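Tertiary structure, described
This is what each chain is made of:
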Amino acid sequence: MKKFYFLSAIAVLVAFVAIIPTAAKAQKASEITVNTQYRDVIMNYLRQDIQQRQQVMAKRAEQILVNLPNEEKLYDETFVTIKTDIAEALREDGRREYNYIFDISYNCKHIEGVSDDYPVGVYDYNASNSARAICNLTKIMVEEVSKDLFREGKNITTRITSTTDDIQINHIPYNGEYGDFKYCPTNYNGENVRISVNKEEGVTTNAQLAYLRGQSVKAFLEGNVSLLRRASNKYEFITKTFDKEGSQYRRSSIEIVVHGAFDEIMAEMTNRLINDEHVDINIPVNEAGTNTSTFALIIANSDYAKPMPNVPFAANDGEIFYQYCVKTLSMPERHVKLLRNANADVIKNDGINWLKDITVALNGEANIIVYYAGHGLTDANFNPYIIPTDFNASVIKSLNGKGSLADDMVLKSCEAKNLINQCISLDTICNSWFNRVKFKNLTFIIDASFDGNQRTGHSLFTIKKKSSKMKGMRIRNDIVMFCAADWNKTAYSFEQQDHGFLTYFMLKELKRTRGDIDYGTLFENIDRQLNYESSLQGKLQQPKMVLGNKAKEGWQSRRFKE
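Residues numbered from 1 in each chain as written. Predicted model: local features only at pLDDT ≥ 70, side-chain atom pairs only at ≥ 80, totals over all residues. Heavy atoms only, no water.

**Concerning the overall build of the protein**
Secondary structure assignment for the protein yields twelve helices and 20 strands. With respect to the principal axes defined by its C-alpha atoms, the protein has extents near 110 × 55 × 40 Å. Counting every position in the protein, which comprises 562 residues, the buried fraction comes to 53%. Taking the intrachain contacts of the protein between residues at least 6 apart in sequence as the baseline, contacts between residues at least 24 apart amount to 78%. When the accessible surface of the protein is split by element, carbon and sulfur atoms take 46% of a total near 25900 Å². (Helix = DSSP H or I, 4+ residues; strand = E, 2+ residues; numbered from the N terminus. Buried < 20%, exposed > 50% of the residue type's maximum accessible area, 1.4 Å probe, protein only. Contact = heavy atoms within 4.5 Å. Areas by Shrake-Rupley, 256 points an atom, 1.4 Å probe, with all protein chains shown as cover.)

**Let's talk about the packing of aromatic side chains**
Applying the stated rule across the entire model yields 21 aromatic pairs. With a centroid separation of 6.0 Å and 75° between ring planes, the pair formed by Tyr 123 and Tyr 178 is classed as edge-to-face. You can see Tyr 123 sitting in the loop between strand E3 (96–108) and helix H3 (129–145) and its partner Tyr 178 sitting in the loop between strand E4 (155–164) and strand E5 (181–188), a full 55 residues away along the chain. Each residue in the set Phe 482, Tyr 519, Phe 523 and Phe 560 is aromatic and connected to the rest through ring pairs, giving one cluster. When the ring centre of Tyr 118 is taken as reference, the NZ or CZ atom of Arg 213 above it lies at 4.6 Å. (Phe/Tyr/Trp six-rings, centres within 6.5 Å; stacked < 30°, edge-to-face > 60°. Lys NZ or Arg CZ within 6 Å of the ring centre and 35° of its normal.)

**A closer look at the pattern of salt bridges**
Taken as a whole and judged by the stated rule, the model has 22 salt bridges. We note a salt bridge from Asp 516 to Arg 559, for which the minimum N-O separation is 2.7 Å. Here Arg 559 lies in the segment after strand E20 (544–547) and Asp 516 lies in the loop between helix H11 (501–513) and helix H12 (519–536), a separation of 43 residues in the sequence. The exposure class assigned to Arg 559 is partly exposed, which follows from its relative accessible area of 33%. Connected through salt bridges with shared partners, the residues Arg 159, Lys 234, Glu 236 and Glu 255 form a single ionic network. (Salt bridge = Lys/Arg side-chain N within 4 Å of Asp/Glu carboxyl O.)

**Thoughts on the environment of Arg 558**
For Arg 558, the position within the fold is in the segment after E20. Relative accessible area serves as the criterion here: at 14%, Arg 558 is assigned to the buried category. Separated by 429 residues in the primary sequence, Arg 558 and Asn 129 place their C-alpha atoms 74 Å from one another. Those residues within four positions of Arg 558 in sequence are excluded, and the remaining contacts are Asn 441, Leu 442, Asp 478, Val 480, Ile 517, Asp 518, Tyr 519 and Ala 551. Here Asp 478 takes part through its backbone oxygen, which lies 3.2 Å from a polar atom of the side chain of Arg 558. (Polar contact = N/O pair within 3.5 Å; in protein donor to acceptor, adjacent residues only side chain to side chain.)

**Let's talk about the nonpolar core**
Counting 98 residues, the largest nonpolar core has Phe 434, Phe 444, Phe 461, Met 481, Phe 482 and Phe 560 as the members making the most contacts within it. In this structure, Met 481 is in contact with Leu 426, Cys 430, Phe 444, Ile 446, Met 473, Trp 487, Lys 544, Met 545 and Val 546, ignoring residues within four places of it in sequence. If you look at the next biggest cluster of nonpolar residues, it comprises 65 residues, including Ile 42, Leu 74, Ile 82 and Ile 172. (Core = buried A, V, L, I, M, F, W, Y, C linked by side-chain atoms within 4.5 Å.)

**Overview of the pairing of strand E7 (residues 232–241)**
Side-chain direction in a regular strand flips from residue to residue, so the side chains alternate between the two faces of the sheet. Two elements, E4 and E7, share ten bridges in a ladder whose sense is parallel. Looking across to E7, one finds that Ser 162 is bridged to Thr 239. (Pairing = 2+ DSSP bridges.)

**What about the pairing of strand E17 (residues 479–483)?**
For E17, a buried count of five out of five residues is recorded, marking the element as mostly surrounded by other parts of the structure. Because side chains alternate across E17, one face comprises the buried residues Ile 479, Met 481 and Cys 483, and the other comprises Val 480 and Phe 482, equally buried. Sheet topology places strand E15 (residues 441–449) next to E17; five bridges connect them, and they run parallel. From the neighbouring strand, Ile 445 faces E17, where its bridge partner is Phe 482. Here E17 pairs with E20 via four bridges, running antiparallel. Within the sheet, the bridge partner assigned to Cys 483 lies in E20 and is Lys 544.

Listed below in structure tokens is the structure:
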């Protein structure tokens, strides 16, 4: 059984171009530009693309080589090697191009009297089982596996390497099937030379014999691979004569370079990633640690004890917002604290008190951000509360011993009181815990549902209201609060994006603008997109702003990153 080796040699693109300023872009409008921020993602995409092609090519080659007719089968000691590559290069005009390289060759172990190589003094590729095999595999690669890369108008360089052994040549007839050649450029034994061959004189040197082997392979490609004919194809010939005799020194190999094969893909990927819908990847990175006056407390409560259901994607909300704080909003890592599945004591002592100490240390010159994702509810007077993860269901008779919540569960007044006593009101956080605390700005981001429903839309539990009229929330004069929805409305999760709706569209805007956006524009864009997307999904959600009296004027100009 013959052996087939499929080798991958993916070259790393040495450097990518940052987005060119407008003037330079106008000067070189056709330059393919790749945002350095997205380098790894684009490279991974191209690697996956090539690996998929390799897998397809490997299977096809295995099938073809196994099913060859008996007279064309390769010996067990003949190895076919295919290499694929991505390479960055410069065109003659200095512009960058991203090239696809396909290289196919073979190696035969030398066994006396057995060979798939060219016979002595023969130049026709058909006379070598191995040369014929790589020619046919090249046709399949070009016209089937990588057809999309050989687009019309692409410049292609096909390099054919052919060798001979050191046999004494007196005269080998040349039938002129490839035409006459006069002073044709080739590389012979590492030097640039010019070769002449014609029918009248025939072949008298090893250099001519090697050259004709290359021309034979070229004739096959031109006659059988239509996509090469359609493109602007330039052939280069590399020839060599070994100083030894033997069939293992009589071979051909093919390398095809599609210039700019990935240019369109690069441009498309860059544009798509800049406007990427997925906020968890390609997070913009600005200069690290420069936003030194801003501090963020992130509370991500996802996992609750039974019978409380977990909060879908709350953990991911917190993790990704943390990354945006550090990478995009340039906060030093020590300025951002992420509390996962936090109970009431942790929220107060490790979270709020940490922020209060910072504001004292900075004499009030701190910008504070408090983010919360988790369960919420409102009491009988529509006052909003967040639910810590140490919620004790055993003190509530309707919940005691339950493995899950019943649908449309209505709590009695005493049960509601026991529940509320374990929660933390936003009024307490905003007014009591931050009472008389000096700061430059205090911003809350609340991605939670307070109407008695979960993010999924299923019921959590209901507390009977004393009045059907909802009052506004009382907060400090200078506080700005982004809320996923009004207190009597459901805040849902965006399942396709693994986030709460509010968090997703906020991160999307931070990604689009690399964090350079004011609160007014941010909320306007969040509101428009969230309304539209949630309505398409049949669960309309409308975010809202809660503002202190002092903040009502000028809140639109505030920013996360100054």
